[in-house]
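# Coordinate analysis (summary)
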Amino acid sequence: MAAFQVKYRILLTVAFASFFAYFIWSVRNLQYASRFFPQLIALIALVLAVVQIGLEFRQRSTLAASEALRTDQRLASATSSAERPKLAGSTHSLAGAAPVIEEAATADIQSSGRRGLQFMALYLGFIGLIWLLGFAVAAPLFLAVFLVLVARSRWSGVALALVGYAAGYFALTTFADMVLPPRGY
Amino acid sequence: MIEAAAIALGNVFASDIMIYIVVGVLVGLVVGILPGLGGVVGMSLLLPFIFGMEPAQGIALLIGMAAITQTSDTFPSVLLGIPGSAASQATVLDGYPMARQGKAATALGAAFFVSMVGGLIGAVFLFAALGAATPLMRSLGSPELFMLALLGLSMVGILARGAALAGIISGFFGLVLGAVGAAPATGQARLTHGFFYLYDGIPFAVVALGLFAIPELLELLTENRQIAKFGKLHGSVFSGVREALKHKALIVRSALIGAVIGFIPGVGGSVIDWITYGIAAQTSRDNENFGKGDIRGVIAPESANNAKEGGTLIPTLLFGIPGSGTTAVLLGGLLMMGVQVGPSMLTTNLSLTMTIVWSLAIANVVGATLCMVLAEPVSRLTLIDPKRLVPFLLIIVTAAAYQSSRNWGDLVTLVGVGAIGYAMKRLDWPRPPMLVGFVLSISAERYLHLSRSRYGLDWIYRPGVRFVFLLICLLIATGIYLDASRQKRQRAATTTVVPVREEQ
């Protein structure tokens with residue numbers, strides 16, 4: 001795991017710890033029988049989360065130190081004196097194959113994280129569309145837009161998908177009595 | 001009793017009961033395949049149709065459906081990494097990695113075969129335990145049930161291999177999340193912020209879908225690679241059956257554990273698969289592949305979750321205490337048909353009880369056979385371009401989550417838990433422990449409260465409590481010992497390899 005990932009891990013653990021602390025605070029005025037169990041488990045969880053944060057900070061500093069050591073080694077192994085200033089001034093200049101692979105992997109993780117957030121935003125858009133138009137309209141619209149813009153499907157494929165959706169919708173609402181989300185307002 | 005069983009078998013084959021079993025199985029197949037829907041939804045769908053039916057026909061329809069959802073819910077668990085229902089959560093851990101390795105058909109074949117065997121063992125257990133169940137039921141109180149919930153929670157450490165502390169925090173997060181809503185002891189609202197939706201607690205299906213379905217689907221899109229990573233399928237249903245047959249003892253052991261735990265009302269079917277998975281991982285010598293696509297990680301939970309149906313029917317039929325959500329709806333159905341459950345199920349209604357046993361056994365065989373036939377064509381789903389498959393799945397997941405309470409809160413929670421699940425997946429936080437904690441939260445709190453209010457601190461001295469406590473200690477100790485010996489073997493292997501390299 002790279003140092004930047006540990007940074008996000010720490011953020012997630014802090015979020016968990018904050019949730020546990022908030023939970024303990026929020027149930028403080030309840031009857032003893034209502035708060036005993038959740039307060040007990042949230043308290044234990046908070047202590048564990050704090051320990052985890054400490055461990056992650058230590059891991060981050062270890063990783064940062066080893067990354068700095070690797071940079072120094074690369075500087076030292078640079079053969080020509082002309083290369084030295086270039087390496088010292090940029091963390092992206094590479095002296096060997098291993099760092100190239102390492103940095104490529106880091107870049108890949110970061111870009112796949114960005115893509116994940118984009119798709120999450122797309123899904124949020126779908127939920128927003130359901131809120132605006134209701135499931136019956138939003139779902140085929142989302143399907144068509146996704147297939148055309150993201151999957152680059154042909155119109156015949158999109159039409160086939162919409163027919164399949166209509167058949168599934170009819171079957172689920174008619175025979176299975178499934179209720180689908182209406183407009184949210 | 002054997003004579004009654006023989007007569008009931010004759011009736012099942014001679015009358016139209018078989019047709020009702022098959023119809024129930026077909027409905028169960030569809031309900032199981034759709035992620036997020038489980039036996040309760042299937043039962044609720046069928047209830048309106050049993051009005052005016054003969055009790056034997058109605059029971060055949062309901063049991064046929066209930067028996068098979070535990071089998072067909074393996075499809076989404078293995079192929080998509082989404083728990084088809086509460087009963088197939090643990091199957092995801094090894095089933096999905098197998099699908100990613102292109103071995104979906106093998107995983108499905110093994111799962112369906114052991115489901116059938118487990119279901120039959122459950123039916124035999126139901127038949128055998130009917131007479132002896134009463135004294136055992138009376139010996140179980142809230143302290144023993146609390147300890148069983150702890151037994152389930154002790155699996156958290158096993159499910160968090162390599163990230164023990166993060167796994168335990170994840171389990172605690174699930175416990176706290178499960179405590180949102182009305183307190184079982186007083187009904188006071190906790191962390192609801194005035195939202196009526198949260199008063200009944202966060203629905204399980206929404207948490208399971210958010211935690212597993214949304215992150216897996218987003219991951220498929222970001223990787224832009226088919227589910228079967230290398231674009232090829234290996235193995236077949238029969239190779240899965242052959243693999244399963246190599247682990248006969250595991251199948252029988254898991255099925256028996258499933259049936260026995262299913263027999264105990266209140267702990268719930270949701271935790272059986274975790275317990276059997278944990279025991280299988282904890283007691284296997286070479287357990288380093290668990291969680292990476294080990295067939296035993298599919299066999300143990302799948303065998304248990306079908307066997308538990310036989311167990312859950314015992315308290316339902318003899319005492320009117322439903323052992324799971326599905327049997328609660330079944331109980332309603334029996335009352336609708338005028339069947340009075342209780343001790344009369346062993347006297348005046350014995351033929352009906354035997355019809356239930358046979359329906360359960362036959363439904364398992366028919367359902368598993370159907371699933372095996374479907375397994376290979378359905379496993380081709382893993383070869384479809386994710387950008388064409390995922391939008392459909394997102395629509396299904398959204399619609400399925402909304403069925404939990406048919407409230408907009410379901411969708412908001414789905415997005416929220418989905419975001420947490422995705423962050424956990426990206427940052428290597430173990431997610432299964434969170435689901436275990438969530439599932440057990442309310443039952444653990446309820447039984448602890450009952451134990452404390454009824455027995456004070458004396459409950460810890462009860463023999464049943466001591467027995468389960470010893471079992472927990474034994475499991476943890478076995479796990480530590482096996483882990484230590486595995487590490488020792490690995491170290492030994494490393495030290496023997498190094499000199500060879502040096503010589504070269």
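Since we're looking at a predicted model, the values are computed, not measured. (Residues numbered from 1 in each chain as written. Chains lettered and ligands numbered in written order. Predicted model: local features only at pLDDT ≥ 70, side-chain atom pairs only at ≥ 80, totals over all residues. Heavy atoms only, no water.)

### A few points about the overall build of chain A
Across its full length, chain A carries six helices and zero strands. Across the 185 residues of chain A, 33% fall into the buried class. Contacts in chain A between residues far apart in sequence, at least 24 positions, make up 52% of those at least 6 positions apart. Carbon and sulfur atoms make up 68% of the accessible area of chain A, which totals about 10600 Å². (Helix = DSSP H or I, 4+ residues; strand = E, 2+ residues; numbered from the N terminus. Buried < 20%, exposed > 50% of the residue type's maximum accessible area, 1.4 Å probe, protein only. Contact = heavy atoms within 4.5 Å. Areas by Shrake-Rupley, 256 points an atom, 1.4 Å probe, with all protein chains shown as cover.)

### Here's the deal with the overall build of chain B
When its secondary structure is counted, chain B shows 23 helices and two strands. Expressed as a percentage of the 504 residues in chain B, the buried residues total 61%. Carbon together with sulfur atoms contributes 66% to the accessible area of chain B, which is approximately 18300 Å² in total.

### Let's talk about the confidence of the model for chain B
This prediction gives chain B a mean pLDDT of 82; 89% of its residues lie at or above 70. In this model residues 498-504 of chain B is a low-confidence stretch, pLDDT under 50, and it forms zero contacts with partners more than four residues away in sequence or in other chains. (pLDDT = per-residue confidence, 0-100.)

### Focus: the interface of chain B and chain A
With 57 residues of chain B at the interface, the matching set in chain A holds 66 residues. Summing both partners gives a buried area of about 5400 Å² for chain B against chain A, and 78% of it is carried by carbon and sulfur. Looking at the side of chain B facing chain A, the largest losses of area belong to Ile395(B), Trp408(B) and Leu427(B), adding up to 12% of the total buried there. For the pair chain B and chain A, the interface holds zero salt bridges. Counting every contact that joins chain B to chain A gives 13 residue pairs in polar contact (both at pLDDT 80 or more). Put simply, the parts of the chain that give the side of chain B that touches chain A at least two residues each are α11 (164-178), β2 (189-190), α13 (204-223), α20 (386-402), α21 (408-426) and α22 (432-455) of chain B. Take the side of chain B that touches chain A: its biggest share by element is 11 residues, from α21(B). (Buried area = accessible area lost by both parts, 1.4 Å probe. Salt bridge = Lys/Arg side-chain N within 4 Å of Asp/Glu carboxyl O. Polar contact = N/O pair within 3.5 Å; in protein donor to acceptor, adjacent residues only side chain to side chain.)

### Section: the pattern of salt bridges
Residues and elements named next belong to chain B. Here the structure, examined in full by the defined rule, presents 11 salt bridges over all chains. Close ionic contact of Glu243 with Lys246 constitutes a salt bridge, the shortest N to O distance being 3.1 Å. The class for Lys246 is exposed, based on a relative accessible area of 59%. Note that Asp385 is salt-bridged to Arg388, the shortest N-O span being 3.0 Å. Assessed through its relative accessible area of 28%, Asp385 is described here as partly exposed. A relative accessible area of 35% means that Arg388 is categorised as partly exposed.

### A short note on a nonpolar patch on the surface
All names here are of chain A. On the surface, Trp131, Leu132, Leu133, Val137, Leu141, Val145, Leu149 and Tyr185 cluster together to form a nonpolar patch covering roughly 760 Å² of accessible area. At four residues, helix α5 (residues 135-150) tops the list of elements feeding residues into the nonpolar patch. Its place among the elements puts Val137 in helix α5. (Patch = residues over 30% accessible without salt bridge, like charges linked within 9 Å, V, L, I, M, F, W, Y side chains within 5 Å.)

### Examining the nonpolar core
Counting 207 residues, the largest nonpolar core has Phe126(A) and Phe135(A) as the members making the most contacts within it. Here the element with the most residues in this core is helix α7 (residues 104-129) of chain B; it accounts for 14 residues. (Core = buried A, V, L, I, M, F, W, Y, C linked by side-chain atoms within 4.5 Å.)

### What to know about the packing of α7(B) against helix α19 (residues 350-379) of chain B
All names here are of chain B. Packing of α7 against α19 brings their axes to within 9 Å, and their N-to-C directions diverge by 180°. Regarding the angle of α7 to α19, the classification is roughly antiparallel. Taken together, the residues that form the contact of α7 with α19 break down as 20 nonpolar, four polar and one charged. (Axes fitted to C-alpha atoms, helices over the stretch in contact; angles between N-to-C directions. Parallel < 35°, antiparallel > 145°, perpendicular 65-115°, else oblique. Nonpolar A, V, L, I, M, F, W, Y, C, P; charged D, E, K, R; others polar.)

### Digging into helix α17 (residues 296-319) of chain B
Note: α-helices contain 3.6 residues per turn, so residues at a spacing of three or four share the same orientation. All names here are of chain B. For α17, built from 24 residues, the straight-helix expectation of 34 Å at 1.5 Å per residue is met to within 8% by its first-to-last C-alpha distance of 35 Å. Maximal helix bending in α17 amounts to about 30°, located at Lys308. For α17, the buried fraction is high: 23 of the 24 residues fall into the buried class. Gly320 sits one or two residues past α17 and shows a positive phi near 70°. (Expected span 1.5 Å × (residues − 1). Bend = angle between axes of the 7 residues up to and from the residue.)

### Section: the side chain of Ser451(B)
By the element assignment, Ser451(B) lies in helix α22. Ignoring anything within four residues of it in the chain, the contact list for Ser451(B) reads Ser142(B), Pro143(B), Phe146(B), Gly456(B) and Trp459(B).

### Looking at helix α1 (residues 2-14) of chain B
Residue and element names in this part refer to chain B. Compared with an ideal rise of 1.5 Å per residue, which puts 13 residues at 18 Å, α1 spans 18 Å between its outermost C-alpha atoms and is within 8% of the ideal. Residues of α1 that are buried: Ala4, Ala5, Ala8 and Val12. All buried residues of α1 project into a common sector of 100° when viewed along the axis, lining one side. Facing away from the buried side of α1 by more than 90 degrees, the exposed set consists of Ile2, Glu3, Ala6, Phe13 and Ala14. Residues of α1 that are buried make contact with α2 (17-33), α7 and α19. (Arc of directions from axis to C-beta.)

### Examining the packing of aromatic side chains
Under the counting rule described, the total for this entry stands at 17 aromatic pairs over all chains. Both rings, one in Tyr32(A) and one in Phe36(A), keep their centres 5.5 Å apart while their planes meet at 40°; by these two values the pair is tilted. Highlighted residues: Tyr32(A) and Phe36(A), both in helix α2 (residues 32-77), separated by four residues, approximately one helical turn. According to the relative accessible area criterion, Tyr32(A) is partly exposed, its value standing at 45%. Under the relative-accessibility criterion, Phe36(A) is labelled partly exposed at 23%. Consider the rings of Phe146(B) and Trp459(B), whose centres lie 5.6 Å apart with planes at 90°: the pair is edge-to-face. Linking Phe146(B) in helix α9 (residues 142-153) with Trp459(B) in the loop between α22 and α23 (463-503), this pair joins segments that are 313 residues apart in sequence. (Phe/Tyr/Trp six-rings, centres within 6.5 Å; stacked < 30°, edge-to-face > 60°.)

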